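Chain residues, written in single-letter form:
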Amino acid sequence: MQFHFHHKTGPGLVAFGWLCAVFALNATRPSEAESIESFTCTDQMLMLWYRQPATNWLEALPVGNGRLGAMVFGGINRERIQLNEDSIWVGDTTRQIPTNAGAALPEIRRLLFEGNYAQAEKLVRRRVLAGPRGDRTTYQTLGDLFIETDLGNTVTQYRRELDLDTAIAKTTFTADGVEYTREVFCSAPDQVLVARFTADKPGRINFVATLARTNAVVAPHDNNCLLMTGQAAFGRLTNGVRFAVVLKAVSDNGHVTTQQNSIVVSNANSAVLLLAAATDYNLRNPDVPLRRDNTAAALQQARAAAKLSYQNLRRRSVTAHQRLFRRVKLKLSDGPVPELPTDQRLENIKHGVDDPHLVTLYFQFGRYLLISSSRPGDLPANLQGIWNEHMAAPWGADYHININLQMNYWPAEVCNLAECHEPFFDFIEAFAANTGRRAARDFYGMHGFVAHYTTDPWLYFPTAGNPQWALWQMGGAWCTRHFIEHYWFNGDKRFLRERAYPILRDAVQFLLDWLVEDPKSGALVAGPSASPENTFFAPDGKRYSVSMGTAMDQEIVWDTFNNFIAAAKELRISNNLTHQVELALSKLAWPKIGPDGRLLEWAQPFDEPEPGHRHISHLYGLHPGCQFTFRTTPEYMTAARKSLEYRLAHGGGHTGWSRAWIINFWARLRDAEKAYENVQLLLQKSTLPNMFDTHPPFQIDGNFGGTAGIAEMLIQSHDGQITLLPALPQAWRTGYFKGLRARAGFEVSAWWRDGKLERTQIKSLLGKHCSVRYGEVVKEFKTKPGRLYTLTGQNLD
Ligand code: FUC
């Protein structure tokens, strides 16, 4: 029996009858469910491993507890553990928000409506954007921990690995007949980095551990402890975060001493290094240091950890990790896992090999990275997560919000890591309450809050730079969709009332002030703004970026208005504001479909200097938004597909994050093979030996976007239904997923064979009505909270 994913007639209808007849619905209590299927995952499926030490940073392996992070190189005689702490940022004062740009808006808009782009952009540069952007802030490395020893050059049996299931990086080798093992992890419950050194013969652990960093002082604190203190700085920016790092050694037998910037361990049976770090960064008010005494805070953390045995520290860390990590299982093939190191498997993919288990590894690595770079109470994952070896990172590793930060959080809900979403919410709220609100009021003279294309932990609000990227007011509104999504997935009414509704309210207040009537059509449009980072040729043959009513702006406004109205409905709120938003929504201009059938990026069918541009902003309504669906707007789905094909035909997808977005688009368009082709391309062209995504250079958004894209191929729930296997490619013919989440509070597992769904289990968390789609078949049923529903085909049991 064939299933047809997008045909509304023909074989799909035949399938409908068959499936309805044979699919049986069974409700069980969760305890019974546990025994229904026990999942086994071989270690190999969750292991990155290599036969040689990393020769550069892009081969090293990341560990992290959300705040503290490290890149482990696996060196033998000289091990490098490059360190990070998520608040090590260079300071800045650009939160001085200029006033009165709003006064120039009527004239700029008039010029744009007249088609006078040249004059309008001149005015934008003079009145809205204050010259080029000056000093940039940047996220910085916390320094390095070097471990030097002398084991000669004849090492055998070398292997280094990262086990995604335990979050431990391990290096093993044999030297001079002795087997050495090193384990490194960052513990979330105990807030320390832990490195342990063992040998299978007594007294063989000897090393010198050194802490090093520019702009920091390292000194012994006592005979087994080093202290490193300093302040983040770069060039003229000297007002960065202050920090303290404590490195403490605990050995079994042997001898431990300190000298200058090193700890010396000799003749021990085993040794453990504990590293703790504290900074004075304060998200609630970045102008006011969080604490006076970072040293005391770091010492306290290190001492508390030192009271626990290594096994205890390890167990506590593994348990905390697995509580999140083990919620989702994925298997995309019933074939064996290739017994090859990860770098070789990536090489093979470049030569056209299909390796579905590597896709699983990539997917789970994305989940691993989110757990390791974004835990409650931390800063959100930046452009590099938390892993950065530079003093001046690419783009400062800041929070770009014209796609990148949002993409980092695409997998959070569907991949059952809702807690990891929290740093994003805290951060966006802090921005909105501080800079976002002041900018709306003082800069634009409007209500609510506004954000442009980027920000940073200092809550930077850009008012300088090139309009192509700097003039865009939708960053904040886009971020608010994450709040309502969190509510849809989890059903937390308190979160909706206290956090989602207020931020959506603030976003729509700005948007209502921001929209103006297009004098020709009378419809409401946003602007002046750019379609993120892209340009067009105006009829005068010249290249511009600023216009009115770009597709993305209109789609973000549509999305935010709808999300706000939905939030208000859930809370039974009906007031002046909800009425105003409903009215504005009814007058809002929709993006246009051009003469060639493509969805237009701008309100006119302009010629495009870069038809393969990396941003595919006009398809926001396809993903991550839901303005365009097969059920509601089939004509826009066709137009979106044409736009995507056109972008790709002109070289689109050349950055990792752009490729990752494309996977999500194809998944929403339910084109399994196209989605798969782009998964392969992501692995072939945009994945480094350590599985990090490359922009280039390294940028983590593609990892997260790719992970979300793989999930989107397996389950979707943005259009009021749970759609199972909406884009399952040939290459993943037999497999299962367990524990993915769907909107309206469902946890879903599914098994398929030879490309056909065999069974699904849906756990209802909130007791909402459930509508499940597979191909053209829809099954509807009521649910009770906590119950598990199994749908099976006749040919099963
Ligand atoms: C956006 C993209 C760039 C880069 C930067 C950090 O502006 O256009 O490609 O990813 O963010």
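Residues numbered from 1 in each chain as written. Predicted model: local features only at pLDDT ≥ 70, side-chain atom pairs only at ≥ 80, totals over all residues. Heavy atoms only, no water.

### Considerations on the site of the ligand
Thought 1: As a matter of local geometry, the ligand sits amid Leu383, Trp395, His400, Asn402, Asn404, Glu533, Arg614, His615, Trp657, His695 and Gln699.
Thought 2: In this structure, an oxygen atom belonging to the ligand sits 2.3 Å away from a side-chain N or O atom of Glu533.
Thought 3: With respect to the ligand, the side chain of Arg614 contributes an N or O atom lying 2.9 Å from an oxygen atom.
Thought 4: Burial of the ligand by the surrounding chains reaches 98%, relative to a free accessible area of 290 Å².
Thought 5: Residues of the shell around the ligand, tallied by class, amount to three nonpolar, six polar and two charged. (Near = heavy atom within 4 Å. Polar contact = N/O pair within 3.5 Å; in protein donor to acceptor, adjacent residues only side chain to side chain. Areas by Shrake-Rupley, 256 points an atom, 1.4 Å probe, with all protein chains shown as cover. Nonpolar A, V, L, I, M, F, W, Y, C, P; charged D, E, K, R; others polar.)

### Topic: unusual backbone geometry
Thought 1: Omega for the bond connecting Gly527 with Pro528 falls within 30 degrees of zero, at 5°, which places this linkage in the cis form.
Thought 2: Along the chain, Pro528 falls in the loop between strand S22 (524-525) and strand S23 (536-537).
Thought 3: In the segment running from Pro696 into Pro697, the intervening peptide bond is cis, with an omega of -5°.
Thought 4: As for its position among the elements, Pro697 is in the loop between helix H19 (672-685) and helix H20 (701-714).
Thought 5: At Ala167, a position not held by glycine, the phi torsion is positive, near 65°.
Thought 6: Structurally, the position occupied by Ala167 is in the loop between strand S7 (155-163) and strand S8 (168-175).
Thought 7: With relative accessibility at 10%, the residue Ala167 sits in the buried group. (Helix = DSSP H or I, 4+ residues; strand = E, 2+ residues; numbered from the N terminus. Buried < 20%, exposed > 50% of the residue type's maximum accessible area, 1.4 Å probe, protein only.)

### Focus: the pattern of salt bridges
Thought 1: Within this structure, the stated rule accounts for 35 salt bridges.
Thought 2: A salt bridge links Arg314 to Glu183; the nearest nitrogen and oxygen atoms lie 3.0 Å apart. With Arg314 in helix H6 (residues 310-325) and Glu183 in strand S9 (residues 178-187), this pair connects stretches of sequence that are 131 residues apart.
Thought 3: The salt bridge involving Glu533 is made with Arg614; its shortest N-O contact spans 3.0 Å. Placement of Glu533 in the loop between S22 and S23 and of Arg614 in the loop between helix H16 (576-587) and helix H17 (634-649) is noted, with a sequence separation of 81 residues between them.
Thought 4: Residue classification places Glu533 among the buried residues on the basis of a relative accessible area of 11%.
Thought 5: Taken together, the salt bridges that share partners define one network made up of Asp596, Arg598, Glu601, Glu608 and Arg647. (Salt bridge = Lys/Arg side-chain N within 4 Å of Asp/Glu carboxyl O.)

### Side note on helix H5 (residues 294-306)
Residues that lie three or four places apart on an α-helix share one face, since the helix turns once every 3.6 residues.
Thought 1: Between the first and last C-alpha of H5 there are 18 Å, a value that for 13 residues agrees with the 18 Å anticipated at 1.5 Å per step.
Thought 2: Residues of H5 that are buried include every one of Asn294, Thr295, Ala297, Ala298, Leu299, Gln301, Ala302 and Ala305, and no others.
Thought 3: Those residues of H5 hidden inside the fold are in contact with strand S10 (192-199), strand S12 (216-222), strand S13 (225-231), strand S14 (242-252), strand S17 (270-279) and H6.
Thought 4: Its side-chain oxygen 3.3 Å from the backbone nitrogen of Thr295, Asp293 forms the N-cap of H5. (Expected span 1.5 Å × (residues − 1). Contact = heavy atoms within 4.5 Å.)

### As for the domain arrangement of the protein chain
Thought 1: Assigned domains of the protein chain: these are domain 1 (60-89 + 140-326) and domain 2 (99-124 + 390-591).
Thought 2: Relative placement of domain 1 and domain 2: their C-alpha centres are 41 Å apart.
Thought 3: Domain 1 puts 14 residues into the contact, and the matching count from domain 2 is 17 residues.
Thought 4: When domain 1 packs against domain 2, close to 1300 Å² is buried across both sides, 72% of that on carbon and sulfur atoms.
Thought 5: Summed over the shared surface of domain 1 and domain 2, the number is one salt bridge.
Thought 6: If you look at where domain 1 meets domain 2, you find three residue pairs in polar contact (both at pLDDT 80 or more). (Domains from an automatic or database assignment. Buried area = accessible area lost by both parts, 1.4 Å probe.)

### Structural notes on the sheet that holds strand S3 (residues 61-64)
Thought 1: The strand order across the open sheet built from seven strands is S3-S4-S5-S6-S11-S16-S15, with neighbouring strands paired in antiparallel fashion. Every other strand in the sheet has two partners, leaving S3 and strand S15 (255-259) as the edge strands with one partner each. Taken pair by pair, the neighbouring strands of this sheet meet at an average axis angle of 20°, ignoring direction.
Thought 2: The pairing of strand S5 (residues 78-85) with strand S6 (residues 143-148) spans six bridges and is classified as antiparallel. Within the sheet, the bridge partner assigned to Gln82 lies in S6 and is Asp144. (Pairing = 2+ DSSP bridges. Axes fitted to C-alpha atoms, helices over the stretch in contact; angles between N-to-C directions.)

### Description of H17
Thought 1: An ideal rise of 1.5 Å per residue puts 22 Å on 16 residues; H17 measures up with 23 Å between its terminal C-alpha atoms.
Thought 2: By the burial criterion, the buried members of H17 are Tyr636, Met637, Ala639, Ala640, Ser643, Leu644 and Arg647. Viewed along the axis of H17, the buried residues span an arc of 165°, placing them on a single side of the element.
Thought 3: Among the structural elements, helix H18 (656-668) are those in contact with the buried residues of H17. (Arc of directions from axis to C-beta.)

### Section: the nonpolar core
Thought 1: Counting residues in each nonpolar core, the largest one holds 245 residues, and the members touching the most others are Leu211, Leu273, Tyr444, Phe561, Leu714 and Phe737.
Thought 2: No fewer than three residues from each of domain 1 (60-89 + 140-326) and domain 2 (99-124 + 390-591) sit in this core.
Thought 3: Leave out the neighbours within four places in its chain, and Phe561 touches Val508, Leu511, Leu512, Leu515, Val581, Ala584 and Leu585.
Thought 4: Among the nonpolar cores identified, the runner-up in size contains 20 residues, and Phe185, Leu274, Ala298 and Val318 belong to it. (Core = buried A, V, L, I, M, F, W, Y, C linked by side-chain atoms within 4.5 Å.)

### Here we look at the sheet that holds strand S26 (residues 722-724)
Thought 1: With mixed pairing, four strands are arranged side by side in an open sheet as S25-S26-S30-S31. Strand pairing shows two members of the sheet lacking a second neighbour, strand S25 (715-716) and strand S31 (777-781), which therefore form its edges.
Thought 2: In terms of strand pairing, strand S30 (residues 770-774) meets S31 through five bridges, oriented antiparallel. Bridge pairing links Ser771 to Glu780 in S31.

### Observations concerning the packing of aromatic side chains
Thought 1: This structure, assessed with the given rule, holds 46 aromatic pairs.
Thought 2: For the ring pair Phe173 and Tyr180, a centre distance of 5.6 Å and an interplane angle of 25° mean the geometry is stacked.
Thought 3: By relative accessible area, Phe173 is classed as buried at 1%.
Thought 4: When its relative accessible area of 7% is taken as the criterion, Tyr180 is described as buried.
Thought 5: Ring centres 6.3 Å apart and planes at 40° place the aromatic pair Phe365 and Phe692 in the tilted group. With a gap of 327 residues between them, Phe365 in helix H8 (residues 356-373) and Phe692 in the loop between H19 and H20 connect regions that are remote in the sequence. Across the pair, exposure class does not vary: Phe365 and Phe692 are buried alike.
Thought 6: Lying over the aromatic face of Phe146, Arg78 brings its terminal NZ or CZ to 4.1 Å of the ring centre.
Thought 7: Against the face of Trp751 rests Arg759, its NZ or CZ located 4.3 Å from the ring centre. (Phe/Tyr/Trp six-rings, centres within 6.5 Å; stacked < 30°, edge-to-face > 60°. Lys NZ or Arg CZ within 6 Å of the ring centre and 35° of its normal.)

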